[in-house]
Amino acid sequence: MEIIDQLEVFEKTIDEASQAFGGEAAVRLFTVYREVLLYLLETNRLEITDDFEQFWDYVKNYTPGALYRVARYHRKKHGQPVLGYGQPVFHIKEDTLND
């Protein structure tokens, strides 16, 4: 699957989960993933036609806290509301899973 296709899946998942009872955690997770993906595309670390596994190869090396910081940075840079997730998993100080 190409990244462009997976980006559409992220959007649909966020939309559906936001309407489902108890879907808040999925909305938070996929919003972070979407923002990180958009950041990687914008910084030319990935191409829209790349295989989506390249995104997972990137993501699996970083803590949720590190990905959250990238997502917040990307949104702030584009004038969007900054994510304000208070869950402890998003506030892990280490950057990689090896830290």
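Analysis parameters
Sequence order sets the numbering: in each chain, residues are counted from 1 along the sequence as written. Residue-level local features of this predicted model are given only where pLDDT is at least 70; pairs of side-chain atoms are given and counted only at 80 or more, and the full residue set underlies all totals for whole chains, interfaces and linings. Each side-chain value is derived from all of the structure's non-hydrogen atoms; neither hydrogens nor water enter the calculation. Paired rings are identified among Phe, Tyr and Trp, the last through its six-membered ring, by centres lying within 6.5 Å, and are further divided according to the angle between planes into stacked (under 30 degrees), edge-to-face (over 60) and tilted (the rest). Each helix is a run of DSSP H or I of at least 4 residues and each strand a run of E of at least 2, with the numbering of both proceeding from the N terminus. For the exposure calls, accessible area comes from a 1.4 Å probe over protein chains only, and a residue counts as buried if that area is under 20% of its type's maximum, exposed if over 50%, partly exposed in between. N or O atoms closer than or at 3.5 Å make up a polar contact, with two conditions inside protein: a donor-capable atom paired with an acceptor-capable one, and, for residues adjacent in sequence, both atoms drawn from side chains. Contacts are assigned to residue pairs that have any heavy atoms within 4.5 Å of one another. Given the number of residues in a helix, its expected span is that number minus one, multiplied by 1.5 Å. As used here, the arc belongs to the directions running from the helix axis to the C-beta atoms.

J.: Looking at this model, I keep getting lost on the packing of aromatic side chains. Mind explaining?
T.: To describe a pair of aromatic rings, one takes the distance between the centres and the angle between the planes. Scanning the model with the defined rule gives 15 aromatic pairs in all. Taken together, a centroid distance of 5.7 Å and an interplanar angle of 75 degrees make the contact between Phe10 and Phe52 edge-to-face. Of this pair, Phe10 sits in helix α1 (residues 3–19) while Phe52 sits in the loop between α2 (24–42) and α3 (53–59), and the two are 42 residues apart along the sequence. For Phe10, a relative accessible area of 0% gives the class buried. Ring-pair connections join several aromatic residues into one group, and the members of that group are Phe10, Phe30, Tyr33, Phe52, Phe55 and Trp56.

J.: Just to check I follow, could you spell out the side chain of Asp50 for this structure?
T.: Within the fold, Asp50 resides in the loop between α2 and α3. There is a polar contact of 2.7 Å between the side chain of Asp50 and the backbone nitrogen of Glu47. Ignoring any residue separated from it by four or fewer positions in sequence, one finds Asp50 in contact with Met1, Glu2 and Ile3.

J.: Honestly, α1 in this entry has me stumped. Any pointers?
T.: Each α-helix turn comprises 3.6 residues. Residues three or four places apart therefore point the same way. For α1, built from 17 residues, the straight-helix expectation of 24 Å at 1.5 Å per residue is met to within 8% by its first-to-last C-alpha distance of 25 Å. Buried within α1 are the following residues: Ile3, Gln6, Leu7, Phe10, Ile14 and Ala17. In a view along the axis of α1, the buried residues occupy a sector of 105 degrees, so they form one face of it. Along α1, the residues that are exposed and aim more than 90 degrees away from the buried face are Glu16 and Gln19. Tucked inside the fold, the buried residues of α1 contact α2 and α3.

J.: Explain the side chain of His74 to me, please; I cannot follow it from the model alone.
T.: You can see His74 is positioned in helix α4 (residues 64–77). Its relative accessible area of 6% is what places His74 among the buried residues. Beyond its immediate stretch of four places on either side in the chain, His74 contacts Glu35, Leu38, Tyr39 and Glu42.

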